[in-house]
Amino acid sequence: MSRSPFDLVIFDCDGVLVDSEPLALRVCLDLGAELGWPLTEDEVIDRFLGRSERAVEQQIAERLGAELAARWGEEYRARLARAIDTELTEVDGVSEALDALPVPLFCIASSGSHDKMRRTLGRTGLRERFGDERIFSASEVARGKPEPDLFLYAADRMGVAPARCAVVEDSQYGVRAARAAGMRAFGYAGGLTPAEWLAGPGTTVFDDMRKLPVLLGAS
């Protein structure tokens with residue numbers, strides 16, 4: 001029997017399981033400077049963090065045009081892949097949190113592509129903890145975060161009612177999607193997103209992944 005009011009924990013991937021967001025931030029800052037859209041760190045976090053690739057590329061196309069947006073996307077994927085292969089680590093404390101989860105089921109629902117998750121999760125050794133059948137991407141639904149589609153899809157595939165789901169997110173778009181899906185959000189503020197950007201109704205904000213099992217059991 002579950003020691004928690006939840007039957008399923010849905011994890012975001014980037015910034016929650018793997019510490020890829022600082023790498024992505026650096027690549028975006030470099031590309032913005034090179035291609036004519038200089039951005040601050042806060043602007044990148046506000047505009048791009050937690051969004052699907054197509055949502056980000058749409059913003060870039062609106063600013064720079066389709067040709068430069070396509071070039072940005074190609075360069076972004078290539079540079080980030082190189083950084084992942086040489087620098088990526090798991091989020092501090094996440095293995096301990098997974099080992100102590102008081103919830104019977106867990107899965108991933110990410111704005112990233114399946115190809116990207118295979119690379120990041122494989123690099124950190126986390127992929128085998130989930131298995132491909134418990135990894136879901138925004139590419140599988142019509143609308144990405146902050147819309148609820150991806151989380152509702154993951155819950156349906158896992159056979160769990162939304163009210164019995166907890167979502168662990170590190171972006172403002174992710175916690176908004178969880179709330180829209182009728183799920184309890186746990187906003188991880190140990191990464192790039194300020195805690196105040198994550199706070200809101202139905203949301204527990206925390207900054208140490210090792211605290212997650214206790215928070216899930218007490219909610």
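Worth saying up front: this structure is predicted, and the values here are computed from it rather than measured. Residue positions are given per chain, counting from 1 as you read along its sequence in written order. Under the rules for a predicted model, residues below a pLDDT of 70 receive no local features and side-chain atom pairs below 80 are neither given nor counted, while totals for whole chains, interfaces and linings still include all residues. Side-chain calculation: all heavy atoms of the structure are included, whereas hydrogens and water are not.

K.L.:
What's the story with the nonpolar core in this structure? I'm lost.
P.N.:
A general tendency of soluble globular proteins is for nonpolar side chains to be buried together. Here the nonpolar core consists of buried residues drawn from Ala, Val, Leu, Ile, Met, Phe, Trp, Tyr and Cys, with membership extended through side-chain atoms lying within 4.5 Å. Exposure categories follow from relative accessible area, calculated using a 1.4 Å probe and restricted to protein chains: below 20% of the type maximum is buried, above 50% is exposed, and the middle band is partly exposed. Residues F11, L17 and W72 are the most contacted members of the largest nonpolar core, which totals 49 residues. Setting aside residues no more than four positions away along its own chain, L17 makes contact with F11, D12, E90, V91, V94, I108, L121, L126 and F130. Any two residues whose heavy atoms approach within 4.5 Å at even a single point are treated as in contact.

K.L.:
Please clarify how the pattern of salt bridges should be interpreted in this entry.
P.N.:
Note on pairing: side chains with opposite charge can pair once their charged atoms come close. A pair is scored as a salt bridge if a Lys or Arg side-chain nitrogen falls within 4 Å of a carboxyl oxygen belonging to Asp or Glu. Following the criterion strictly, the structure yields 19 salt bridges and no others. Here R164 makes a salt bridge to D7, at a shortest N to O gap of 2.9 Å. Taken together, the residues R164 in the loop between helix 8 (149-158) and strand 4 (165-169) and D7 in the segment before strand 1 (8-11) connect sequence positions 157 residues apart. For D132, the salt bridge identified is with R127, shortest N-O distance 3.1 Å. Here the salt bridges share partners, and the residues they tie into one network are D92, E96, D208 and R210. Strands here mean DSSP runs of E at least two residues long; helices mean DSSP runs of H or I at least four residues long; both are numbered from the N terminus.

K.L.:
What should I look at first to understand the packing of aromatic side chains in this one?
P.N.:
Each aromatic ring pair is characterised by the separation of its centres together with the angle its planes make. Here the aromatic set is Phe, Tyr and Trp, taking the six-membered ring for Trp, and pairing holds for ring centres within 6.5 Å; pairs whose planes are under 30 degrees apart are stacked, those over 60 apart are edge-to-face, and all others are tilted. Here the structure, examined in full by the defined rule, presents 8 aromatic pairs. Judged by centre distance (5.2 Å) and plane angle (90°), the rings of F106 and F130 are edge-to-face. You can see F106 sitting in strand 2 (residues 105-110) and its partner F130 sitting in helix 7 (residues 127-130), a full 24 residues away along the chain. For the pair formed by F106 and F130, the shared burial category is buried. Where Y188 meets F206, the ring centres are 5.6 Å apart and the plane angle is 50°; that geometry is what we call tilted. Placement of the pair is Y188 in strand 5 (residues 184-188) and F206 in strand 6 (residues 203-206), with a sequence separation of 18 residues. Taken together, the ring pairs connect F11, F106 and F130 into an aromatic cluster. To sit over a ring, a charge needs its Lys NZ or Arg CZ within 6 Å of the ring centre and within 35 degrees of the ring normal. Positioned above the aromatic ring of Y173 is the side chain of R51, whose terminal nitrogen or guanidinium carbon lies 4.7 Å from the ring centre. The ring of F186 has R184 lying over it, and the distance from NZ or CZ to the ring centre is 5.7 Å.

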